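The residues making up each chain are set out below.
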Amino acid sequence: MFDVFSDIFACRDNALTRMDPRAKLIVAFGMLVAVLTSGKVFMPLVVFLGCVSAMFAVGMPPRLVAIRLAGPAGIVAVLVLLQAFLVNGTPVLNFSLFGWQISASHEGLARGTLLGARVVGCVSVVLLLSSVTPAYKIFHALRWFRVPEGWIEIALLVYRYTFTLLDQTADVAAAQTVRLGYSTMKRSLSSMGVLAGTVLTRSLDQAVRTHEAMTLRGYHGSIPFGPLPEMSASDRLKVGVAIPAVGLLYVCLERWPW
Amino acid sequence: MKKRSGIGAIVLLASMLGLTSDTAHAMHIAEGILPPQWAALWFALAIPFVAWGLRELRVRSKEEPQLKAMVGLVGAAVFLISCMPIPVPTAGTCSHPCATGMAAILIGPALTVVVASIALVLQALFLAHGGLTTLGADILSMGVMGAFTGYGIFVLARRLGASWVVAAFMAGLLSDWVVYAGTSFFLATALHGDGSLETMFLSILIAFVPTQVPLGILEGVMCAGAYRFVQTRRPEFLMMLTKEREA
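The structure contained in this document is the topic of the report that follows. (Residues numbered from 1 in each chain as written. Chains lettered and ligands numbered in written order. Predicted model: local features only at pLDDT ≥ 70, side-chain atom pairs only at ≥ 80, totals over all residues.)

What about the overall build of chain A?
- Within chain A, the regular secondary structure consists of 9 helices and 2 strands.
- Counting helices and strands in the order they occur from the N terminus, chain A gives α-α-α-α-β-β-α-α-α-α-α.
- Relative to its length of 258 residues, chain A is extended, with a C-alpha radius of gyration of 24 Å against a globular reference of 18 Å.
- With the principal axes as the frame, chain A shows a C-alpha extent of 70 × 60 × 30 Å. (Helix = DSSP H or I, 4+ residues; strand = E, 2+ residues; numbered from the N terminus. Rg over C-alpha atoms; globule rule 2.2 N^0.38 Å.)

So this is what it looks like as structure tokens:
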């Protein structure tokens, strides 16, 4: 999980990581809206291909991209089947199973494919965003969108200590495993409870230490956030070009074939 | 005949889902599934609960300054626990607990909604579990329904004289099942199209039974085990968090 849940690529230096997080959020939002409102599969698929190409371009290994997309791909398969067999319409496949007549419809298949395309399109946008923007920068950028500072403060703490706790959890789980803690179902259940309890107690211990450390540094109940810097002219220009480009692409692909 | 075919399709889909379920993501509605109007509606309904949680955080942290650190660290723990793979013997696969019932017992349901919203954003961004466009529905099912059910069941079981461990088990079990039922309903409302909402809801519900029923029991066991661990090793934390909530 540590390999998958890592922002190592977001900390590299490239054209996308240098871009203002607010600009990236606006463009990502525009792409998500375009994919969600599309009535044909073309727009979601073009967005998917574009985002996956961008992930490769910033140096993400294909294996990691595949792992991150594996879960949503399974959901897409289920969605297509669910829609094909549950939506009424022109039958494309008929068979009998234990006396039941099962039929897949053309309309259901088309609807399932569209939903599946939307899922892979949206997931690729979000994965690209997280691959080129560290989470703390996303959280700071959210202040610009009027997200309450209390939420951002807790989010920064959660993100900061997730990796520390992740290391500790992995150590405890490895120690349990070598002591045959997961050799039988009964032992596994007991070990899972102990592991979850250990994570909780360690997190609470860490909370006490963190609060003391923050108090020593002048903490008085809330983290002071400075003003956000002005978005640069080049980033404003990028947003100004990207959003109309997405809109134009959307209109063209929704009307295709012309 | 049509109803007969519908039942057949549900059975077929249930079997297919049972066979294709790799690592189950049943607790989260995936990115892009909900149409914009449904995504906006669930988001609008989730916002007041998050605002309530943030208000409680602001009010309580004035009296207890270390609360924010506590909530942040419990949030990190919840995020990690909700990513732990649990073996599900009936499906021959692994799934994840939702952990919001457990968190609600510790820090209360309103703050758990805030913690769940943050964990869901991180999972959507980095693990492709859930999504930003489905965040409202996911907050409502995992955060609101899971937390309030878990907390309500825990308090009710204690008032009825159940032991701490039994109450924690019931909270973990029922919060998990309620989250699963809620997720199925949100999915069905978006996916039924021109077909019957009831059939779609039923098919999603049945499809995930082989995974979610044993998972709920396992989450109950894990919640009870974790609670017992904290109670026996570090009871001062439970007293501190309960005292803060009562204050």
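Here we look at the overall build of chain B
- Counting its secondary structure elements, chain B contains 10 helices and 2 strands.
- When the helices and strands of chain B are listed from N to C terminus, the series reads α-α-α-β-β-α-α-α-α-α-α-α.
- Out of the 247 residues in chain B, the part that is buried amounts to 62%. (Buried ≥ 20, exposed ≤ 12 C-beta atoms within 10 Å, placed from the backbone.)

What to know about the pairing of strand E1 (residues 91–97) of chain A
All names here are of chain A.
- In terms of residue burial, E1 counts as a barely covered element, since only 0 of its 7 residues are buried.
- In terms of strand pairing, E1 meets strand E2 (residues 100–105) through 6 bridges, oriented antiparallel. Note that in E2 the partner of Leu93 across the bridge is Ala104.
- Linking E1 to E2, which pair antiparallel, is a turn of 2 residues; within it Phe98 sits at a positive phi near 50°. (Pairing = 2+ DSSP bridges.)

Side note on the packing of helix H8 (residues 185–216) of chain A against helix H9 (residues 209–233) of chain B
- Taken N-terminus to C-terminus, the directions of H8(A) and H9(B) make an angle of 50°; their axes are 7 Å apart at the nearest point. With respect to H9(B), the element H8(A) is oriented oblique. The hand of the H8(A)/H9(B) crossing is right-handed. Touching A:Leu189, A:Ser190, A:Met192, A:Gly193, A:Val194, A:Ala196, A:Gly197, A:Thr198, A:Leu200 and A:Thr201 of H8(A) are B:Leu218, B:Val221, B:Met222, B:Ala224, B:Gly225, B:Ala226, B:Phe229, B:Val230 and B:Arg233, all from H9(B). (Axes fitted to C-alpha atoms, helices over the stretch in contact; angles between N-to-C directions. Parallel < 35°, antiparallel > 145°, perpendicular 65-115°, else oblique. Left-handed = near helix turned anticlockwise from the far one by under 90°. Contact = placed C-beta atoms within 7 Å.)

Some details on helix H5 (residues 106–132) of chain A
- Compared with an ideal rise of 1.5 Å per residue, which puts 27 residues at 39 Å, H5(A) spans 39 Å between its outermost C-alpha atoms and is within 8% of the ideal.
- For H5(A), the buried fraction is high: 22 of the 27 residues fall into the buried class. (Expected span 1.5 Å × (residues − 1).)

Some words on the interface of chain A and chain B
- Each side of the interface is counted separately: chain A has 73 residues, and chain B has 71 residues.
- Of all the elements in the fold, those that place two or more residues in the side of chain A that touches chain B are helix H2 (21–36), helix H4 (62–86), E2, H5, helix H7 (149–178) and H8 of chain A.
- Looking at which element gives the most residues to the side of chain A that touches chain B, the answer is H8(A), with 21 residues.
- Here the side of chain A that touches chain B is built from residues that sort into 47 nonpolar, 22 polar and 4 charged. (Nonpolar A, V, L, I, M, F, W, Y, C, P; charged D, E, K, R; others polar.)

Focus on the environment of B:Pro109
All names here are of chain B.
- Mapping Pro109 onto the fold places it in helix H5 (residues 109–127).
- Its 27 C-beta neighbours within 10 Å are what place Pro109 among the buried residues.
- On a C-alpha basis, the gap between Pro109 and Ala162 in space is 20 Å, while along the polypeptide they are 53 residues apart.

Overview of H8(A)
- Over its 32 residues, H8(A) runs 46 Å from end to end, which matches the ideal 46 Å to within 8%, given 1.5 Å per residue.
- Where H8(A) ends, the next residue or the one after it, A:Gly218, has phi of about 90°, a positive value.

Looking at the environment of B:Thr211
- Relative to the assigned elements, B:Thr211 resides in helix H9.
- Considering only alpha carbons, one finds B:Thr211 and B:Leu57, 154 residues apart in sequence, at a separation of 35 Å.

Quick notes on the packing of H8(A) against helix H3 (residues 67–81) of chain B
- As a packed pair, H8(A) and H3(B) sit with axes 8 Å apart at the nearest point and diverge in direction by 150°. In terms of orientation, H8(A) and H3(B) fall into the roughly antiparallel class. The two elements H8(A) and H3(B) cross, and the hand of that crossing is right-handed. Across from A:Ala196, A:Val199, A:Leu200, A:Ser203, A:Leu204, A:Gln206, A:Ala207, A:Thr210, A:His211 and A:Met214 in H8(A), the residues of H3(B) making contact are B:Ala69, B:Met70, B:Leu73, B:Val74, B:Ala76, B:Ala77, B:Leu80 and B:Ile81.
- Its residues assigned to classes, the contact of H8(A) with H3(B) shows 14 nonpolar, 4 polar and no charged.

A short note on unusual backbone geometry
- With phi around 65°, A:Arg146 is a residue other than glycine that occupies positive phi space.
- Assignment of secondary structure puts A:Arg146 in the loop between helix H6 (135–142) and H7.
- With 7 C-beta atoms packed within 10 Å, A:Arg146 lands in the exposed category.
- With phi around 65°, B:Ala99 is a residue other than glycine that occupies positive phi space.
- Of note, B:Ala99 is situated in the loop between strand E2 (93–95) and helix H4 (100–107).
- Assessed through the 35 C-beta atoms surrounding it within 10 Å, B:Ala99 is described here as buried.

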